Amino acid sequence: EIAVKVLDDYDDLRKRGINYSNPHLWRLERDEKFPKRVKLSAGRIAWVAEEIDDWLAQKIAARDANAARVDLVTRARLLHSEHLRAVENVQGERFK
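Because the structure is predicted, anything quoted here is derived from the model rather than measured.

(A) Quick peek at the sheet that holds strand 2 (residues 38-41). Overall, antiparallel pairing links the three strands, which are arranged 1-3-2 in an open sheet. Each edge of the sheet is formed by a strand with only one pairing partner; in this case those strands are strand 1 (6-7) and strand 2. Pairing geometry for strand 1 and strand 3 (residues 44-48), over two bridges, is antiparallel. If you follow Val-6 over to strand 3, its bridge partner there is Val-48.

Below, the structure is given as structure tokens:
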């Protein structure tokens, strides 16, 4: 037996911090940037909770990876500027 938890209304998405309009959700689903809804009956749809939670986890991981990359770039720029100042100081000392 398979037990699947579903989010069957927009309030369930909003409780997870996903406050997108229906048309925006359709566009994201179409572009494969958001989990696709499941048609339960003629007038009822839902999202698989685990897929939504995985999507959120991927967004968090991407944010953290980007933050780490930005930190590396910032540190590299700082080291480069410190290096340039040191070179300028050495060159300045030569001409005294």
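(B) Representation of a nonpolar patch on the surface within the structure. A cluster of nonpolar side chains, contributed by Ile-2, Val-4, Val-6, Val-38 and Leu-40, occupies part of the molecular surface with about 430 Å² of accessible area. Assignment of secondary structure puts Val-6 in strand 1.

(C) Geometry of the side chain of Glu-29. With respect to the helices, strands and loops of the structure, Glu-29 is situated in helix 2 (residues 22-30). Within the local environment of Glu-29, its side chain forms a polar contact with the side chain of Trp-47, the two groups lying 3.1 Å apart. Among all residues touching Glu-29, those that are not within four sequence positions of it are Phe-34, Pro-35, Lys-36, Arg-37 and Trp-47.

(D) Broad picture of the nonpolar core. In this structure, Leu-7, Leu-13, Ile-18, Leu-25, Leu-28, Phe-34, Trp-47, Ala-49, Ile-52 and Trp-55 together form the largest nonpolar core, which totals 10 residues. Sorting the residues of this core by element identifies helix 2 and helix 3 (49-94) as the ones contributing at least two each. A total of three residues in this core trace back to one element, the largest contributor, which is helix 3.

(E) View of the pairing of strand 2. As paired elements, strand 2 and strand 3 share three bridges and run antiparallel to each other. Across the sheet, Val-38 pairs through a bridge with Ala-46, a residue of strand 3. In sequence, strand 2 turns back onto strand 3 through a hairpin of two residues.

Conventions and cut-offs
Residues numbered from 1 in each chain as written. Predicted model: local features only at pLDDT ≥ 70, side-chain atom pairs only at ≥ 80, totals over all residues. Heavy atoms only, no water. Pairing = 2+ DSSP bridges. Helix = DSSP H or I, 4+ residues; strand = E, 2+ residues; numbered from the N terminus. Patch = residues over 30% accessible without salt bridge, like charges linked within 9 Å, V, L, I, M, F, W, Y side chains within 5 Å. Areas by Shrake-Rupley, 256 points an atom, 1.4 Å probe, with all protein chains shown as cover. Salt bridge = Lys/Arg side-chain N within 4 Å of Asp/Glu carboxyl O. Polar contact = N/O pair within 3.5 Å; in protein donor to acceptor, adjacent residues only side chain to side chain. Contact = heavy atoms within 4.5 Å. Core = buried A, V, L, I, M, F, W, Y, C linked by side-chain atoms within 4.5 Å. Buried < 20%, exposed > 50% of the residue type's maximum accessible area, 1.4 Å probe, protein only.

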